[in-house]
Amino acid sequence: MSSFYTNDTLERCLRDILDVIKPLLGDVTTRYQIINEFKAVVESVESLRGATVEPFGSFVSNLYTRWGDLDISIEIPCGSLVSSAGKKSKQKFLRDVLKVLRSRGGVRNLEFIPNARVPLLIFVSNHQNISCDISISNLLGQIKSKFLLWITQIDERFRDMVLLIKEWAKSQQINDPKTGTLNSYSLCMLVIFHFQTCEPAILPPLHEIYAGNIVDDLTGSRVTAERNIQDTCTANIERYKRNRFGNVNKSSLSELFISFFQKFSRINMMALEQAICTYTGRWEHKRSNAKWTKTYPLLVEDPFERPENAARAVSMRQLIKISEAFERTYFKLVSSRDRNLLISSLVRPHISSELNTGTPHGNPISLHGGSGRYPPLLSRAVPPVQNQVRNMRYETNPSPMRYETNRYETNPSPMRYETNPSPSVPSRRPGSATHVQGGQQVWKPKYSAR
């Protein structure tokens, strides 16, 4: 009886947390505004003439919260081929962007990290204080983002779990690779691994979705390489979804949440001898695998860039802290019935305060009217733009910026998002809206809850 009561209390807490942290319409449009403004910056950089501005990361995979970072790649033109810009060239391009940003303003906390594995330019936008990470020719990051988006279509609980775990990790101060803790990408890998190793499994080993090593397959024609990866993944995902109906995992979100913390509560001990491998969907012994030549406190293999470690920034000292956070949270989840105590252990103070005081935060965007057995009010689905937009590319050429759709959308009708349509011949589509910005008409899709 007590277990049922606790799970029921926790289930409601998790749904309430999701209702607060999932993006609202304004969060989506703000990110588009930031991307548009950054596009104008890139257009003014002479060395980047003809480059495209392409978002990726959690915004594209739809695994971001209202306060999530925004990742943007500046794709250097290379004809029809995958860009092969070297590290020094990337550093130079980012320095050129840095100069323009400093002169234009509108951002703060500019930070240039030239010697990172992937050179980065980081700033905080004045729009909702969203942190932006800028990289050069990060096609691999874009493909990873799309792959995670496709995985969300296998089971909606995956997105909910990722959002909850990312917020929990922030509340525990273990979601910052700069301090030797977990980055958000490795947290996604932990959730995937949990969904692969629960009984029955919710997700397959990732080699069943794509058997190759994506980093090695992004060569030659960019269009051809992306299409081959996309076609392979969609066919295998559909096959997996067709074949799993006889053995479906029906665990509630709270049950999956508790078992997640139970599974990783001794992660520091497990990590001594074993690696987390989502490609095979199981723990792998480090010593028996010759591909892992470096020694890390925690090894979470990147399934798209094998044998790289997605958790390479984690230090031994911080791994102990991470393990203690898992263990401490697991104990609270199975022992506490107090709603306020549960919430305070899972989210940051400002979110906890909002949940405990009932402060209104906006209307949820929902496409599916809830998640089955839970009321629609407690479940926010994928924002409409994430369903319609997949291959987002912002041209810095005079041609209009377009968002192309593809086979993974849930609403197959195409949508174009144009920044500078001709005033005399408007290309307005049904359900769109317009406003004047900087003396020009800007057409934007109109979103509505369905």
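Every chain's residues receive numbers from 1 upward, in the order its sequence appears when written. Side-chain atom pairs in this predicted model are given and counted only at pLDDT of 80 or more, local residue features only at pLDDT of at least 70, and totals for whole chains, interfaces and linings cover all residues. The basis for the side-chain values is all heavy atoms of the structure; hydrogens and waters are excluded.

The name an unreviewed UniProt entry assigns to the protein is PAP/25A-associated, from the organism Macleaya cordata.

Visitor: Got a sec to walk through the sheet that holds strand β7 (residues 282-285)? Specific residues and values, please.
Guide: With mixed pairing, three strands are arranged side by side in an open sheet as β7-β6-β8. With one partner strand each, in any of the chains shown, β7 and β8 (300-301) form the two edges of the open sheet. At least two bridges found by DSSP between two strands is the condition for calling them paired. Comment: elements are numbered from the N terminus, with helices defined as DSSP H or I runs of at least four residues and strands as E runs of at least two.

Visitor: Quick one: what's the story with the packing of aromatic side chains, residue by residue and with numbers?
Guide: Here a Phe, Tyr or Trp ring, Trp counted by its six-membered ring, pairs with any other such ring whose centre lies within 6.5 Å, and the pair is stacked when the planes are under 30 degrees apart, edge-to-face when over 60, and tilted otherwise. For the structure on display, the rule yields 17 aromatic pairs. A ring pair is formed by Trp168 and Phe261, whose centres lie 4.7 Å apart and whose planes are at 80 degrees; its orientation type is edge-to-face. Of this pair, Trp168 sits in helix α6 (residues 156-171) while Phe261 sits in helix α10 (residues 253-264), placing them 93 residues apart in sequence. The pair formed by Trp168 and Phe261 is uniform in burial state, with each residue classed as buried. Members of the aromatic cluster, connected to one another through ring pairs, are Trp168, Phe193, Phe257, Phe260, Phe261, Phe264, Trp283 and Phe326. Each ring is checked for a lysine NZ or an arginine CZ that lies within 6 Å of its centre and within 35 degrees of its normal; such an atom marks a charge sitting over the ring. Its end group placed over the ring of Tyr279, Arg306 keeps NZ or CZ at 3.7 Å from the ring centre. Relative accessibility under 20% of the residue-type maximum defines a buried residue, over 50% an exposed one, and the middle range a partly exposed one, all with a 1.4 Å probe and only protein chains included.

Visitor: Quick one: what's the story with the packing of helix α2 (residues 25-43) against helix α4 (residues 87-104), residue by residue and with numbers?
Guide: Helix-helix packing is characterised by the crossing angle of the two axes and by the distance between the axes. Interhelical geometry of α2 versus α4 gives an angle of 115 degrees and a closest axis separation of 9 Å. α4 is crossed by α2, and the crossing has right-handed handedness. Across the interface between the two elements, Phe38, Ala40 and Val41 from α2 touch Val97, Val100, Leu101 and Arg104 from α4. When residues are sorted by character, Ala, Val, Leu, Ile, Met, Phe, Trp, Tyr, Cys and Pro go into the nonpolar class, Asp, Glu, Lys and Arg into the charged class, and all the rest, Gly among them, into the polar class. Partitioned by chemical class, the residues of the contact of α2 with α4 number six nonpolar, no polar and one charged. What counts as an axis is a line fitted to C-alpha atoms, over the stretch in contact for a helix, and the angles between N-to-C directions run from 0 to 180 degrees. Helix crossings are classified by the rotation of the near helix relative to the far one: an anticlockwise turn of less than a right angle makes the crossing left-handed, while a clockwise turn makes it right-handed. Residue contacts are defined here by distance: any two heavy atoms, one from each residue, within 4.5 Å place the two residues in contact.

Visitor: Help me get a handle on α4, residues and values and all.
Guide: Take the number of residues in a helix, subtract one, and multiply by 1.5 Å to get its expected span. With 18 residues, α4 extends 26 Å between its outermost C-alpha atoms, agreeing within 8% with the 26 Å of an ideal straight helix rising 1.5 Å per residue. Among the residues of α4, Lys90, Gln91, Phe93, Leu94, Asp96, Val97, Leu98, Val100 and Leu101 are the ones counted as buried. Residues of α4 that are buried make contact with α2, β2 (70-75), β3 (107-113), β4 (120-125) and β5 (131-136). Once α4 finishes, Gly105 follows within two positions and takes phi at roughly 80 degrees, a positive value.

Visitor: Before we move on, can you summarise the side chain of Thr52 with the specific residues and values?
Guide: You can see Thr52 is positioned in strand β1 (residues 52-56). For this analysis, a polar contact is any N or O atom pair within 3.5 Å, provided that within protein one partner can donate a hydrogen and the other can accept it, and provided that sequence-adjacent residues contribute only side-chain to side-chain pairs. Here the side chain of Thr52 touches Glu54 through a polar contact of 2.7 Å, side chain to side chain.

Visitor: Tell me about the environment of Ile343, and name the residues and values.
Guide: Within the secondary structure, Ile343 is located in helix α13 (residues 339-344). Taking the C-alpha atoms as reference points, Ile343 and Leu355, separated by twelve residues in sequence, lie 8.1 Å from one another.

Visitor: Provide a residue-level description of the pairing of β2, including the pertinent values.
Guide: Among the six residues of β2, six are classified as buried, and the element is accordingly described as predominantly covered. Burial along β2 is two-sided: Leu70, Ile72 and Ile74 and Asp71, Ser73 and Glu75, pointing in opposite directions, are all buried. Note that β1 and β2 share five bridges and pair antiparallel. Paired with Glu54 across the strands is Ser73, a residue of β2. Bridge analysis of β2 against β5 gives five bridges, and the strand direction is parallel. Each bridged residue has a counterpart across the sheet, and for Ile74 the counterpart in β5 is Ile136.

Visitor: Before we move on, can you summarise the side chain of Arg157 with the specific residues and values?
Guide: Within the secondary structure, Arg157 sits in helix α6. Under the relative-accessibility criterion, Arg157 is labelled buried at 13%. Beyond its immediate sequence surroundings of up to four residues, Arg157 is in contact with Phe195, Ile202, Asn249, Lys250, Ser251, Leu253 and Leu256.

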